Amino acid sequence: MKLVRTSIKRPSLVIIMLAIFMIGGIFTYRQLAYELVPKFEIKVITISTIYPGASPSEVENSLSTKIEDAVSSLENVKKIQSKSFESLSVVIVQFNDDTDIDYALNDAQRKINGIRSRLPESAKEPSLVQFSLSDLPVITMGVTGNLSDADLYELVDNKIQPELSRVSGVAQVNIIGGRQREIRISIDPNKLQAYNLSLPQVQQIISASNLDFPTGSLKTDQSSTLIRLSGKINAVEELRNLTISSQNNINIRLQDIADVQDTQKDVSKIARINQKNTLLLQVQKQSEANAVEVSKQIQAKMALLDKQYASKGLKLQLANDSSEFTLAAADHVIKDLLLAVVLVAFVMLFFLHSLRNAVIVMVSIPTSLIATFIGIYLFGYSLNLMSLLALSLVVGILVDDAIVVIENIHRHMEMGKTNVRAAYDGASEIGFTVTAITLVIVVVFLPIALSSGLVSNIISQFCVTVIIATLLSLLVSFTVVPWLFSRFGKLEHLNPKSFFGKIINAFERQIEKFTHWITKILKWALRRKKTALGLAGLLFLLSLALPFAGFIGGDFFPQTDRGEFLVQLELPKDTSIEQTNLLTRKAEAILTGRNDVVRTITTVGQSSSGMGSIQATAYKSEISVKLIDKSERSETSKVIAAKIRRDLEGKLIGAKVSTVPIGIMGADQAPLQMVILAPTLEEAMDYAKKAEAELRKIDGASEIKLSVEDGNPEIAIKIDRDRMSALGLNIATVGQTLRTGFSGNTDNKFRAGGDEYDINIILDNVYRKNISDVQNITFLNPMGQKIQLSQFADISFGSGPSMLERFDRSPSVTIMSQTIGKTTGT
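What you see is a predicted model, and the numbers here were worked out from it, not measured in a lab. (Residues numbered from 1 in each chain as written. Predicted model: local features only at pLDDT ≥ 70, side-chain atom pairs only at ≥ 80, totals over all residues. Heavy atoms only, no water.)

On to a positive patch on the surface, then. A cluster of basic residues, Lys-2, Arg-5, Lys-9 and Arg-10, forms a positive patch at the surface. You can see Lys-9 is positioned in helix α1 (residues 2-9). (Patch = residues over 30% accessible without salt bridge, like charges linked within 9 Å, V, L, I, M, F, W, Y side chains within 5 Å. Areas by Shrake-Rupley, 256 points an atom, 1.4 Å probe, with all protein chains shown as cover. Salt bridge = Lys/Arg side-chain N within 4 Å of Asp/Glu carboxyl O. Lys, Arg positive; Asp, Glu negative; His and termini not counted. Charge placed at Lys NZ, Arg CZ, Asp CG, Glu CD. Helix = DSSP H or I, 4+ residues; strand = E, 2+ residues; numbered from the N terminus.)

Enumeration over the complete set of coordinates arrives at one cavity of 30 Å³ or more. If you add up the space inside the largest cavity, you get close to 60 Å³. In terms of lining, the largest cavity is formed by Lys-638, Ala-641, Ala-642, Thr-659, Pro-661, Glu-703, Gln-818, Thr-819 and Ile-820. For the lining of the largest cavity, the secondary structure elements donating two or more residues are α20 (637-651), β19 (656-663) and β30 (810-819). (1 Å grid on protein atoms, 1.4 Å probe; cavity = no way out; pocket = protein on both sides within 12 Å on 5 of 7 lines; lining within 4 Å. Points joined across faces, edges and corners; volume = space filled by probe spheres on them.)

Time to look at the environment of Met-386. With respect to the element layout, Met-386 can be found in helix α13 (residues 385-414). The spatial distance from the C-alpha of Met-386 to the C-alpha of Cys-463 is 8.7 Å, given a sequence separation of 77 residues. Residues contacting Met-386, with those up to four places away along its chain left out, are Pro-38, Ile-458, Ile-459 and Phe-462. (Contact = heavy atoms within 4.5 Å.)

All right, on to helix α15 (residues 431-450) then. One turn of an α-helix holds 3.6 residues; hence residues three or four places apart share an orientation. For α15, which comprises 20 residues, the first-to-last C-alpha distance of 28 Å matches the rise-based estimate of 28 Å (1.5 Å per residue) to within 8%. All of the buried residues in α15 are Gly-431, Val-434, Thr-438, Ile-441, Val-442, Phe-445 and Ala-449. Of the surrounding elements, those touching the buried residues of α15 are α13, α14 (419-429) and α16 (454-488). (Expected span 1.5 Å × (residues − 1). Buried < 20%, exposed > 50% of the residue type's maximum accessible area, 1.4 Å probe, protein only.)

What follows concerns the packing of aromatic side chains. A full pass over the atoms with the stated rule returns five aromatic pairs. Ring plane angle 50° and centroid distance 5.0 Å describe the contact between Tyr-29 and Phe-373, whose orientation is recorded as tilted. With Tyr-29 in helix α2 (residues 11-31) and Phe-373 in helix α12 (residues 355-378), this pair connects stretches of sequence that are 344 residues apart. The partly exposed category is assigned to Tyr-29, whose relative accessible area is 31%. Classification of Phe-373 as buried rests on a relative accessible area of 11%. Ring plane angle 40° and centroid distance 6.1 Å describe the contact between Phe-514 and Trp-517, whose orientation is recorded as tilted. (Phe/Tyr/Trp six-rings, centres within 6.5 Å; stacked < 30°, edge-to-face > 60°.)

Moving on, we come to a nonpolar patch on the surface. On the surface, Phe-514, Trp-517, Ile-518 and Ile-521 cluster together into a nonpolar patch covering about 420 Å² of accessible area. Structurally, the position occupied by Trp-517 is in helix α17 (residues 499-527). The class of Trp-517 is exposed, set by a relative accessible area of 52%.

Turning next to the layout of surface pockets. One way to see where empty space is left: roll a probe the size of a water molecule over the atoms. Its boundaries defined by the atoms lining it, the second largest pocket holds a volume of some 830 Å³. In terms of lining residues, the second largest pocket is bounded by 30 residues, among which Phe-325, Ala-328, Ala-329, Asp-561 and Arg-562 are the most central. Looking at the lining of the second largest pocket, the elements with two or more residues in it are β15 (315-321), α11 (322-352), α13, β17 (597-604) and β18 (620-627). Per element, the largest residue contribution to the lining of the second largest pocket is seven residues, and it comes from α11. Residue composition of the lining of the second largest pocket, grouped by class: 15 nonpolar, five polar and 10 charged. (Nonpolar A, V, L, I, M, F, W, Y, C, P; charged D, E, K, R; others polar.)

As summarised here, the arrangement of the four strands in space is β12-β7-β25-β24, forming an open sheet in which the pairing is mixed. Only two strands of the sheet have a single neighbouring strand rather than two, namely β12 (258-264) and β24 (745-752). Recorded for the sheet is a direction-independent mean angle of 25° between the axes of neighbouring strands. As paired strands, strand β7 (residues 181-187) and β12 are joined by seven bridges and run antiparallel to one another. Following the sheet pairing, Arg-181 is matched in β12 by Gln-264. With respect to the sheet, helix α23 (residues 731-742) is in contact with β24 and β25 (755-763), its orientation differing from that of β25 by roughly 110°. (Pairing = 2+ DSSP bridges. Axes fitted to C-alpha atoms, helices over the stretch in contact; angles between N-to-C directions.)

Once that is clear, we can look at the environment of Glu-682. Examined against the element boundaries, Glu-682 turns out to sit in helix α21 (residues 681-695). Taking the relative accessible area as the measure of exposure, Glu-682 reaches 59% and is therefore exposed. Between the C-alpha atom of Glu-682 and that of Ile-20, which follows or precedes it by 662 residues, the distance is 70 Å.

Turning our attention to the side chain of Lys-269. Relative to the helices and strands, Lys-269 is located in the loop between β12 and β13 (270-273). Summary of buried charges: Lys-269 has no salt-bridge partner, and the nearest side chain of opposite charge, Glu-622, is 11 Å away. A distance of 3.3 Å separates the side chain of Lys-269 from the side chain of Gln-606, its partner in a polar contact. (Polar contact = N/O pair within 3.5 Å; in protein donor to acceptor, adjacent residues only side chain to side chain.)

Two measures define how a pair of helices packs: the angle their axes make with one another and the distance between the axes. In the contact formed by helix α5 (residues 149-165) and helix α10 (residues 291-308), the axes pass within 10 Å of each other and the chain directions differ by 150°. In this view, α5 runs roughly antiparallel relative to α10, as classed from their interaxial angle. The handedness of the crossing between α5 and α10 comes out as right-handed. Judged by residue contacts, Ile-160, Glu-163 and Leu-164 of α5 engage Ile-298, Lys-301 and Leu-305 from α10. (Parallel < 35°, antiparallel > 145°, perpendicular 65-115°, else oblique. Left-handed = near helix turned anticlockwise from the far one by under 90°.)

What follows covers the pattern of salt bridges. This model, assessed by the stated rule, comprises 30 salt bridges. For the salt bridge of Arg-110 with Asp-107, the shortest nitrogen-to-oxygen distance reads 3.1 Å. Taken together, the positions of Arg-110 and Asp-107, both in helix α4 (residues 101-115) and three residues apart, correspond to about one turn of that helix. The class of Arg-110 is partly exposed, set by a relative accessible area of 47%.

So this is what it looks like as C-alpha cells:
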C-alpha cells in the first residue's frame, strides 16, 4: 500500500499530520459549546391572542376558529390544535418535517393579517412565535431589596431587566410576581348616577383630556418654530381635579365621582424562593446561543448588579441554573471516556505482552479522539450527550484497527524480518480486511445520519461523530502505527521469573482455562446440533417476547433522575389568589421540613401546564422542588414525588395535588395522552369520561385528568334585544360599560418622568362583590334616562369549562396521565 510505504519512508509527513490533528483538535475543543442535547428544529408555530374579559367559549368562537380557518390553508400543515382559555386563545400549528419553518411563519403572519379586521376590536394583536426548546428558562433568579413593592418592581422593570436583556445570547427576561404601579380611578356608581353620568362618558373625557398635540409651526424667513400642545396628565392631583361635566355652572370633577389613587395593580402572581417573597426573573436564551456561556455571563452580570445597587439593598439570588445539569452530565461522560481509555490500555498491556507495543496501539486512541473534535467543529456540532456518548462508544472501535495491524506486523517480525520490512508487509497484507471492518461501521451509521425526521435530528450528531472517529482510526492505523513500529518496535520475550512476567503468565493461565471451557461448550454444541439449534431458537423467541410481555418498556427519551420535580396545586375555580397563597404556604412548610429537600421555588397564580406564564390563574400554584444528590438518597425522585403527593393530599383539604417529574427535556408534561375527537364537545366529553374510567383501571397510570373540565363559575347575562333597543341602548354600549366597570380600562397612560403607567378606570371594589352589583349597573341612554341591566337582561349564576380544545378543527378532549413504575410504552 502506498499510504503505508509513504508513512514509513517519510516520517516527517506523519509527524506533521499528528501535529495538525493534536493542535487542531485541542483548539477546536476549546471552541465547542456545551449543550445537554443536540439542537433540533421543531416544526411548530404558536399563535397567541389575548382577548381581555372573554370567556373560553367566546374566545373559541371569536378568535380560535377564525385563526384555525386562516392557517389551515398553509402548505405542509400536519395538524392544528387550539386551546381557548379565559381571555386567551392559543392555536398550535404543526408542519411536516421538510417544511421551511421561517417561510411558514411569514406565510402564517400574512394569513393572520388578512383576517385581522374580522377579529374583535378589543382583542390584542395576535403573536406568532416558532416553538423552540430554547424558550425554556436557562436561569431563574430571585430579586429582593430594601424598597417598597412598587419601587422594587420599577427598579427591576426599568434597570435590572434591561441590563440582563443586553447580555449576549439572552432573548428575553420575564418578571414573575411583584406589583406594578398604576393610577387607579375607582368610580362610585351611586355618585355617577347622581350626576347623570355614565362610565363610557367618563372614560371618553379622560381620554380626550390626556393628549399631546403637535399643532404646526411658526415660520419666518430666518427660522421655523414648532408649536406643541402639551396636554398629557402628569400629576395625580391634576387628574383628581379634571372636570368631567358642568351642570348649572358647577364643575363636576373626577374626585367628586371617584377615588383617584397612585397605587399598585392587583396581585395576579406571587413568587417565593425557600418561603421568602421575591420577584422572580426567568432568563431565556436565543435559539443559537449556548446555554452554558449565557449562564456564565448572567451570573457575572448578577454580581455586578449586586455591587451597583448595594445602597438599595438589592440582592439577586440564583435559584435555578439549567446549565449545571448540562455541565454535570458532560463531566460524567468525559470521566467515563477517560476511564475507558485507561481500561483499554490496561487490557492491551495484558494481551500484547509488551509495554512498547501497547504504547504504540494506545497512540491511535487519543490521536483519533482529539482529531474528531475538528470534524465536530466543522460540522457545527457541540459537546452534548449524543456526541460525547459517541466518543465513549467509539473508544473500543478505535483500538480494533490498530490491534489487527500491529498483530500482523508482529507475526512478520517473528518470521525474521526487520522492523521496516515487517511494518510494511504486515500493514499492507491486512489492509483490505481492516478497511472492510471499518467501512462496515460507517455504512451502518451513515444512512441514519442522512435520514430526516425528529429522531434523526437528535441522533445524527451521534452517528456522524462515530463515522468521523472510525475513519480517523483507519487513517492512523495505516500511517502512525506502521511508522512507530518501524522505528521502535521489537520482539520481546517475557522473563517468567520477573514480576511483570509472573503477572502475565498468571493472566495467560486464566485465559487458557476460559478457552478450554468455551471449547467444551463448542464441542457439546457440535455433537448435539439439534439441541443447540433448539436452545438458540428458544432464546431468540424469548428475547422477542420480552417487549410484548411488558418486561421491556418503551419511552421516547430515557427516564433520568435530575433530582427535581414540580408540585402543582389546584383549588376550586372560584378560589381567590389570597386563599391559594395561604394553602400553598402550608405545602411549602411541609416540603421544606423534609431532610431530602434542598430548595423550593414557588409561583402562585400560574402553572407550567396549559400556557405556563402567559396566563394568570388565581386557583393554581406550583412549587419547583430540588432534592439532595441521588447518591445521598435511597429512592428515586419519582418515588419521593409520589410519596409527597400522598402526604400533601391528606393535609391540604380541598386541593388537587399532582407531581410532575423533570427529565432531560424539562418538565415531563403527561407522557401519556389520548385525544378524543367528536362532532360536538358534549359527545367528546362523554366518550372521554368513559375512556378515563378505563385508564384508571390500568396499573401504573396515575394523576389522570381531562384537559376540558367543567365547574368554572360564571355569571351568565342573557340580553333581550327587543327591550334593549326599546330602551335606546345597543350591545356596544352595554359591553363597553360592563367591561370597564368589572375588568377595567387601561387605554390611558400616566407619564412620570420618562416612564408611563396605566390609568385604570374601574368600579370601586365595594361595587364588584356579588351578582346584585351586576344586576344594578346603570346605563345612560341618549334621552338621558337611567336604565339598569336587570331591566332588559336575565342575569344568573352558571358554570362553564375553564378551557376549550379543538384538534384539526373539531371539538376535542385530551386525556392525560403520568406513569409510575412503568414506562409509557408499557
